[in-house]
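What follows is each chain in one-letter form.
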Amino acid sequence: MTDAPLYDTELPSISDRDAKEKIDRLTDIIKLRTAFEEELFNVYVGRGSVAVCDQLQQQLEIGIEKLTNIPVVLKTNRQRPGTTFGATHPTIAKIAEVMRFVIEDEIRVDEVPGFQHLRQPEGEYREPGMLDIDEVLGSYFPEDQRIVLYVDAIKDYAGQKIKVSSDIITEVVLRHEAAHAVIHLGKDADGNIFKLHDYLRLDGREKPGRLHETLAQLFCFHSVNEDAELSDCLHVLCKYAPAPYVLWDDFRNVSLERIRDILIDIRRNRLHGDYETFARNAL
Ligand SMILES: [Zn+2]
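Residues numbered from 1 in each chain as written. Predicted model: local features only at pLDDT ≥ 70, side-chain atom pairs only at ≥ 80, totals over all residues.

## Points about the nonpolar core
Then, in step 1: The biggest cluster of nonpolar side chains holds 57 residues, and the ones touching the most others in it are Ile-95, Ile-147, Val-172, Val-182 and Phe-219.
Then, in step 2: Tallying contributions element by element places helix H5 (residues 166–185) first for this core, with eleven residues.
Then, in step 3: Apart from residues no more than four positions distant in its own chain, Ile-95 is found in contact with Arg-175, Ala-178, Ala-179, Val-182, Phe-219 and Ser-223. (Core = buried A, V, L, I, M, F, W, Y, C linked by C-beta atoms within 7 Å. Buried ≥ 20, exposed ≤ 12 C-beta atoms within 10 Å, placed from the backbone. Helix = DSSP H or I, 4+ residues; strand = E, 2+ residues; numbered from the N terminus. Contact = placed C-beta atoms within 7 Å.)

Have a look at this one:
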């Protein structure tokens, strides 16, 4: 019998000691969190290894939904009484109105603690100290049609990184995530939405995806630009966010109509779903 490789060879490995420390820390954190009261934990274990994944699964007796390059979404089986909204949620409604799409599907919005203080590994677009919006402050899970806000992470962020109230940050993060949701589920005049398979293929393997984030940030920007507090907050978040969250600024003067038309062409497979194609058509 040959020994199974300790680490997934496609991913840079972390040392056993680092892995053990991270697992212990995660276990402590998760145990502290009132025994899986939250349905979702979004945590970072560094560049994931199969061994870490297996050990976490055994130790915590929970299912692991995915182990990609960095984020690991740990899911408990317990259903949390959720808050399900569709177009009735004022922020989702606002974004849909700005984008002139109609929301008929349900989109769930949940609040969980989050683990922003776990250091984000540096990556293709991430310099030290830079903080993603997605998976740190909030997430949109297209498969579940769900927005999650990491409320503790937002509070920590408000206290440490920037001087903006957590309520304002929460609203901007929610608008950003709602923009992802409406890009996916908003119906155009012909009643079309973004097919899940095609939505997930945008940007290929880029993470964070430049087109996903440029579109979400542009719609977020247009939804906040008449509100000084929200607009200032978006700009402060951009100061600490990696490049894919900041590229939208090149398109701030492109009409919403044009951005929307390009999005519709991408959804219909008339245009390729990558950042370069978007930029070429928008400018
Ligand atoms: Zn995003």
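## As for the packing of helix H3 (residues 90–99) against H5
Describing two packed helices takes the angle between their axes plus the distance from one axis to the other.
Then, in step 1: Contact geometry for H3 and H5: axes closest at 9 Å, N-to-C directions at 55°. Between H3 and H5, the angle is such that the two are oblique. H5 is crossed by H3, and the crossing has right-handed handedness. On the side of H3, the interface is formed by Thr-91, Ile-92, Ile-95, Ala-96 and Met-99, while H5 contributes Glu-171, Leu-174, Arg-175, Ala-178, Ala-179, Ala-181 and Val-182.
Then, in step 2: When its residues are assigned to classes, the contact of H3 with H5 shows nine nonpolar, one polar and two charged. (Axes fitted to C-alpha atoms, helices over the stretch in contact; angles between N-to-C directions. Parallel < 35°, antiparallel > 145°, perpendicular 65-115°, else oblique. Left-handed = near helix turned anticlockwise from the far one by under 90°. Nonpolar A, V, L, I, M, F, W, Y, C, P; charged D, E, K, R; others polar.)

## Some details on H3
Then, in step 1: If you check which residues of H3 are buried, you get Ile-92, Ile-95, Ala-96, Val-98 and Met-99. Each buried residue of H3 sits inside an arc of 160° when the element is viewed along its axis, so together they form one side.
Then, in step 2: Just past H3, the residue Arg-100 takes up positive phi, approximately 55°. (Arc of directions from axis to C-beta.)

## Some thoughts on the packing of helix H7 (residues 210–224) against helix H8 (residues 228–239)
Then, in step 1: For the pair H7 and H8, the least separation of the axes is 8 Å and the interaxial angle reads 150°. Relative to H8, the element H7 lies roughly antiparallel. Residue-level inspection shows Cys-220, Phe-221 and Val-224 of H7 in contact with H8, the latter providing Leu-230, Ser-231 and Leu-234.
Then, in step 2: A class-by-class count of the residues in the contact of H7 with H8 yields five nonpolar, one polar and no charged.

## Focus on the environment of Ser-166
Then, in step 1: Inspection of the secondary structure assignment puts Ser-166 in helix H5.
Then, in step 2: Sequence spacing of Ser-166 and Ala-153 is 13 residues, and the spatial spacing of their C-alpha atoms is 9.6 Å.

## Points about unusual backbone geometry
Then, in step 1: For the bond running from Lys-207 to Pro-208, omega is -5°, close enough to zero to count as cis.
Then, in step 2: For Pro-208, the position within the fold is in the loop between helix H6 (196–201) and H7.
Then, in step 3: The phi dihedral of Gln-145 is positive, around 50°, even though this residue is not glycine.
Then, in step 4: Along the chain, Gln-145 turns up in the loop between strand E6 (138–141) and strand E7 (146–150).
Then, in step 5: According to the C-beta neighbour criterion, Gln-145 is partly exposed, with 17 such atoms within 10 Å.
Then, in step 6: Non-glycine residue Asp-203 carries a positive phi angle of around 70°.
Then, in step 7: Its location among the elements puts Asp-203 in the loop between H6 and H7.
Then, in step 8: For Asp-203, a count of 18 C-beta atoms within 10 Å gives the class partly exposed.

## Section: H8
Then, in step 1: Helix length check: H8 (twelve residues) gives 17 Å between terminal C-alpha atoms against 16 Å at 1.5 Å per residue, within 8%.
Then, in step 2: Buried within H8 we find Leu-230, Cys-233, Leu-234 and Leu-237. Seen end-on, H8 carries its buried residues on one side only, within an arc spanning 105°. Facing away from the buried surface of H8 by more than 90 degrees, the exposed residues are Ala-228 and Lys-239. (Expected span 1.5 Å × (residues − 1).)

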